[in-house]
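Structural description and commentary
Listed below are the residues making up each chain.
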Amino acid sequence: MDRKTNLKDWTLFLGFAAVVLCLPIILDPIGANYPDLLQKIAIFGIFAIGFNILFGLTGYLSFGHAAFIGVGSYMSLWSFKLLTMNVLPAIAFSVILAGMFAYLIGFVSLRRSGIYFSILTLAFAQMSYSLAYSVLTPITNGETGLQTRAIRTDPATSLLDGDIRIIDQALGIQEASVPTTHFFGMAMSGYTGFYFCAVLLIICFFIAQRLTNSNFGMMLKAIKSNQNRLNYTGIHTRPYLIAAFVISGMYAGLAGSLMAVTDPIAGAERMQWTASGEVVLMTILGGVGTLVGPVLGAGIIKYAEQKVSSWNEGILDSFFSFLPEGLQHFMSGLGALFVGEGWHTTLGLLFMIIVIFLPGGIMEGIRRIAAVFARKSKSNNTSAAAPQPAE
Amino acid sequence: MSAAEDIANEPGRGFDRGTANTVLHIDDVHKSFSGLHALSDVDLDVREGETHAIIGPNGAGKSTLLNVCVGRLKPDRGAVVFDGEVLTGKHPHEINQLGVARVFQTPEVFPELSVLENVMVPALSKRDGHFRLNPFKNFFGEKALRDEAENVLESVGLQAQLTDMASVMSRGDKRRLELAMGLIQHPRLLLLDEPTAGMARHDTNATIDLLKKIKEGGMTKVIIEHDMHVVFSLADRISVLAGGRIIAQGTPDEIKENPKVKEAYLGEEQV
Ligand SMILES: Nc1ncnc2c1ncn2[C@@H]1O[C@H](COP(=O)(O)OP(=O)(O)OP(=O)(O)O)[C@@H](O)[C@H]1O
Ligand SMILES: [Mg+2]
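Residues numbered from 1 in each chain as written. Chains lettered and ligands numbered in written order. Predicted model: local features only at pLDDT ≥ 70, side-chain atom pairs only at ≥ 80, totals over all residues. Heavy atoms only, no water.

Some details on the overall build of chain A
Cut-off, in case you're wondering: Helix and strand assignments follow DSSP, with helices taken as H or I runs no shorter than four residues and strands as E runs no shorter than two, numbered in order from the N terminus. For a compact globule the rule gives 2.2 Å times the number of residues to the power 0.38, and the radius of gyration it is set against comes from C-alpha atoms. In this scheme, a residue with accessible area under 20% of its type's maximum is buried, one over 50% is exposed, and one in between is partly exposed, where area comes from a 1.4 Å probe on protein chains only. Throughout, a residue-residue contact means that at least one pair of heavy atoms, one from each residue, lies within 4.5 Å. Note that accessible areas follow from Shrake-Rupley with a 1.4 Å probe, and for residues the cover is restricted to the protein chains shown.
Counting its secondary structure elements, chain A contains 18 helices and four strands. In summary, chain A has a C-alpha radius of gyration of 24 Å against a globular reference of 21 Å for 391 residues, a match within 12%. Principal axes of the C-alpha set define a box for chain A whose edges measure 95 × 70 × 40 Å. Taken over 391 residues, chain A has a buried fraction of 49%. Sequence-distant contacts in chain A: of pairs separated by 6 or more residues, those separated by 24 or more amount to 73%. In the form shown here, chain A has an accessible surface area of approximately 18200 Å², with 69% of it arising from carbon and sulfur atoms.

What follows is the structure in structure tokens.
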């Protein structure tokens with residue numbers, strides 16, 4: 001049994017890795033093969049995988065995970081500004097800081113469960129969001145957002161407007177203008193940036209897969225299944241929940257850091273509750289509690305967002321040009337509600353459809369289809385084999 | 001002779017933290033639910049290695065008494081002492097870690113886990129304690145532990161369903177799974193709340209045999225049962241609870257002869 005499950009796990013992992021690495025080729029026919037979108041898909045994939053460790057395994061629905069995205073982004077920016085444009089320290093510090101931040105929020109929020117837990121996390125995230133715009137402006141640069149700058153020449157210049165990059169300076173690296181982020185010389189833009197994120201996504205998937213299949217993962221599933229009973233088997237559920245919360249917070253911190261790595265600017269809008277809600281949608285759309293689902297959900301939502309929000313009435317007009325003129329205008333007028341600025345309407349609609357008709361998400365849809373096929377081939381086999389012994 | 005005298009005359013009782021052979025000592029426990037006295041003046045001693053049955057009509061407070069023991073309910077007054085340690089005020093997981101396991105009346109398994117996993121959870125809790133962060137270790141690789149879990153499942157007759165989800169099991173099977181979840185921990189004290197209710201006669205007898213076998217291993221048990229056949233085949237001593245009070249205590253033969261018990265319980269059930 002163990003060898004068989006082992007084989008299944010490795011097949012899933014290798015298949016996942018192959019698909020991620022071939023994403024530019026796979027997404028080319030649907031017009032999604034450009035680095036900016038590919039990077040986003042990988043980054044939000046990481047975010048959603050981590051979110052699923054908490055939500056999918058323990059059933060605790062956090063509405064505040066965008067706060068850790070913010071922590072990761074700001075931390076990375078400061079690492080670029082103060083230390084080096086190499087992304088390694090930025091990522092390391094971001095993940096650690098997000099983990100510490102998650103411990104704090106988790107410690108308090110996990111005193112409650114269910115809806116109260118969700119509300120506590122939401123409150124915390126909104127608090128961080130407004131703090132980023134008020135008290136914390138010396139760190140976040142408020143609405144302007146935090147950016148990398150050229151090395152300051154006058155020590156009186158604020159660190160927000162001029163960087164120091166101690167490590168790069170000590171190494172004697174010459175900077176012409178504002179330098180780009182890099183991983184030991186590899187520029188983190190374009191396809192290199194995507195592949196960097198893709199490799200991290202694959203590593204993150206591997207870790208999540210191991211976690212899910214471990215004893216620890218089993219305890220998390222037991223919490224979701226019957227937390228009360230678990231207490232009577234001698235398990236203290238709170239530290240397990242805090243650990244899951246911190247791990248998923250670190251995933252979010254990594255995602256936030258990668259956003260800064262691929263595009264070195266950080267603003268507080270990343271911490272808004274809509275961003276927290278988005279990862280919930282991704283996870284549910286793909287399939288809560290599955291390994292691949294959240295990544296799939298992230299990919300679909302990011303792709304649809306890019307596409308749908310770029311459409312406008314003109315495009316719809318030409319799409320409906322086969323209709324009589326009056327109807328054509330009506331249809332494109334109606335459609336206009338859902339494209340461009342109206343993207344969030346579409347997202348809401350999509351979400352409602354999924355939750356009502358396919359609560360297990362796309363992965364459940366795939367399972368159902370696979371089950372139908374399995375039954376068909378089985379009945380074919382038995383109907384072919386059965387008659388002989390019967391006679 | 002009053003019920004209180006009955007109890008007072010029982011040898012081996014005392015309000016100290018238990019004489020040498022007392023494992024569980026329930027001391028003057030009261031519990032009421034908004035005016036309803038579910039438990040009043042309950043005193044009970046369970047001795048090392050014995051099987052102590054608690055019987056009584058529906059709503060007598062039997063499950064409530066177990067709830068007080070495992071930390072699900074806090075008594076209004078009184079205390080529960082296990083092996084010299086006061087359990088009252090401790091968390092359920094702490095009480096379990098001390099060696100008290102409970103088999104629930106309504107099966108409370110983990111529906112989304114497999115049968116084997118349902119047993120692995122308490123097994124790991126027993127071995128690794130109340131929290132262990134071992135995110136990369138999987139019990140499939142731990143043969144000794146898994147063998148033990150499979151043996152326990154075999155002893156309750158669930159060996160054919162190891163990989164089934166607990167949610168699809170019948171009620172009787174869930175009960176047996178509950179029992180396996182208790183047994184795997186080798187607790188010092190096992191509290192069983194109607195482990196055979198709803199089982200077919202055949203399965204009930206199998207469960208009696210299993211519990212007899214465990215008894216040879218020296219595990220102390222408290223068993224709540226309505227089925228007198230089960231009670232009289234297993235119990236060394238019996239306490240009778242009615243209306244939240246202990247009205248009689250003694251060996252099975254003494255209880256059979258006790259007129260109060262006949263009146264309060266046996267007569268009513270026509271056993
Ligand atoms: N959590 C609770 N809140 C309010 N009342 C309760 C609660 N638990 C039990 N009771 C009441 O306390 C009394 C004793 O209940 P308990 O479940 O202990 O009875 P029991 O002896 O186990 O009965 P049964 O044989 O039906 O299982 C009942 O009247 C019950 O309604
Ligand atoms: Mg009961």
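So that's the structure; there's more coming.
Quick word on the sheet that holds strand β4 (residues 77–82) of chain B
All names here are of chain B. Let me state the cut-off plainly: Strands are labelled as partners when DSSP assigns at least two bridges between them.
Taking strand neighbours across the sheet as the criterion, the four strands line up as β2-β1-β4-β5 in an open arrangement whose pairing is antiparallel. Among the strands making up the open sheet, the edge pair consists of β2 (36–47) and β5 (85–86). As defined by bridge partners, β4 adjoins β5 across two bridges and the pair is classed as antiparallel. Bridge pairing links Phe82 to Glu85 in β5.

Some details on the coordination of the magnesium ion (ligand 2)
All names here are of chain B. Convention followed: Because no water is among the atoms considered, metal sites can look incomplete, with donors defined as N, O and S atoms within 2.8 Å of the metal, or 3.2 Å for Na, K and Ca.
Here the magnesium ion (ligand 2) is held by the protein donor atoms Ser63 (OG) and Gln105 (OE1), which lie 1.9 to 2.2 Å from it. A residue pair is termed long-range when its members are at least 10 positions apart, and Ser63 in helix α2 (residues 62–70) and Gln105 in the loop between β6 (100–103) and α4 (115–128) qualify at 42 residues. Looking at Gln105, the relative accessible area reads 28%, which means it is partly exposed.

Quick word on α4(B)
The line we're drawing: To estimate how far a helix should reach, multiply one less than its number of residues by 1.5 Å.
The terminal C-alpha atoms of α4(B), which comprises 14 residues, lie 20 Å apart, in line with the 20 Å expected from a rise of 1.5 Å per residue. Buried residues dominate α4(B), accounting for twelve of its 14 residues. For α4(B), the set of buried residues is B:Val115, B:Leu116, B:Glu117, B:Asn118, B:Val119, B:Met120, B:Val121, B:Pro122, B:Ala123, B:Leu124, B:Ser125 and B:Asp128. If you follow the buried residues of α4(B), they end up packed against α10 (215–232) of chain A together with α3 (92–97), α5 (143–155) and α6 (171–183) of chain B. A positive backbone phi angle near 85° is found at B:Gly129, which sits one or two residues after α4(B).

A closer look at unusual backbone geometry
All names here are of chain B. Residue Asp83 is not a glycine yet carries a positive backbone phi of 55°. With respect to the helices and strands, Asp83 occurs in the loop between β4 and β5. On the basis of relative accessibility, which here comes to 43%, the residue Asp83 falls in the partly exposed class. In this structure, His186 takes a positive phi of about 40° despite not being glycine. Among the secondary structure elements, His186 is positioned in the loop between α6 and β7 (189–193).

Some points on the interface of chain B and chain A
For the record, the criterion: The buried area of a pairing is the accessible area, by a 1.4 Å probe, that goes missing from both parts when the two are put together, added over both. Salt bridges are defined as contacts in which a side-chain nitrogen from Lys or Arg sits within 4 Å of a carboxyl oxygen from Asp or Glu. N or O atoms closer than or at 3.5 Å make up a polar contact, with two conditions inside protein: a donor-capable atom paired with an acceptor-capable one, and, for residues adjacent in sequence, both atoms drawn from side chains. Charged residues are taken to be Asp, Glu, Lys and Arg, nonpolar residues to be Ala, Val, Leu, Ile, Met, Phe, Trp, Tyr, Cys and Pro, and polar residues to be all remaining types, Gly included.
At the interface, 40 residues of chain B touch 27 residues of chain A. Carbon and sulfur atoms supply 62% of the area that chain B and chain A bury against each other, a total of about 2900 Å² over both sides. In this structure, the connection of chain B to chain A is made through one salt bridge. B:Glu178 is the salt-bridge partner of A:Arg229, the closest N and O atoms lying 3.0 Å from each other. Applying the counting criterion to the chain B and chain A interface returns 18 residue pairs in polar contact (both at pLDDT 80 or more). Taken together, the elements giving at least two residues each to the side of chain B that touches chain A come down to α3, α4 and α6 of chain B. No other element matches α4(B), which puts seven residues into the side of chain B that touches chain A. The class makeup of the residues in the side of chain B that touches chain A is 19 nonpolar, eleven polar and ten charged.

Quick look at a nonpolar patch on the surface
Filter applied, for reference: Here a patch means residues that are over 30% exposed by relative accessible area and free of salt bridges, tied together within 9 Å if like-charged and within 5 Å if nonpolar (Val, Leu, Ile, Met, Phe, Trp, Tyr).
On the surface, A:Leu21, A:Tyr191, A:Tyr195, A:Val199, A:Ile203, A:Ile207 and B:Phe136 cluster together to form a nonpolar patch covering roughly 590 Å² of accessible area. Top element by residues in the nonpolar patch is helix α9 (residues 190–213) of chain A. It accounts for five residues.

Thoughts on the nonpolar core
Applicable threshold: Buried Ala, Val, Leu, Ile, Met, Phe, Trp, Tyr and Cys residues that are joined via side-chain atoms within 4.5 Å together make up what is termed a nonpolar core.
Counting 155 residues, the largest nonpolar core has A:Ile91, A:Leu258, B:Leu153, B:Leu177 and B:Leu183 as its most contacted members. Looking at this core, the element that brings in the most residues is helix α11 (residues 237–262) of chain A, giving 16 residues. Setting aside chain neighbours within four positions, we find A:Ile91 in contact with A:Phe196, A:Leu200, A:Leu254, A:Ser257, A:Leu258 and A:Val261. Counting 28 residues, the second largest nonpolar core, distinct from the first, contains B:Leu44, B:Val80, B:Leu87 and B:Leu189.

Details of the confidence of the model for chain B
Residues and elements named next belong to chain B. For clarity, the cut-off: For every residue, the predictor states its confidence as a pLDDT score lying anywhere from 0 to 100.
Summary statistics for chain B give a mean pLDDT of 87 and a share of 90% for residues scoring 70 or more. Looking at the elements of chain B, mean pLDDT is at its lowest for helix α1 (residues 3–9), recorded as 41, and at its highest for α3, recorded as 96. Counting contacts from residues 1–18, a segment whose pLDDT is below 50, to residues more than four positions away or on other chains yields 34 contacts. In the predicted assembly, ipTM is 0.87 and pTM is 0.90.

Regarding empty space enclosed by the protein
All names here are of chain A. In plain terms, the rule: Using only the protein atoms, space was sampled on a 1 Å grid; points where a 1.4 Å probe fits but cannot get out form cavities, open sets with protein on both sides within 12 Å along at least five of seven lines form pockets, and lining residues are those with an atom within 4 Å of a point. Grid points are joined across faces, edges and corners, and a volume is the space filled by probe spheres set on the points.
For the structure shown, the criterion picks out four cavities of 30 Å³ or more. Approximately 50 Å³ is the volume attributed to the largest cavity. Lining the largest cavity we find Ile49, Asn52, Ile53, Leu57, Ala208, Thr212, Gly289, Thr290 and Leu291. Among the elements of the structure, α3 (35–58) and α9 are those that each provide at least two residues to the lining of the largest cavity. Per element, the largest residue contribution to the lining of the largest cavity is four residues, and it comes from α3. Here the lining of the largest cavity is built from residues that sort into five nonpolar, four polar and no charged.

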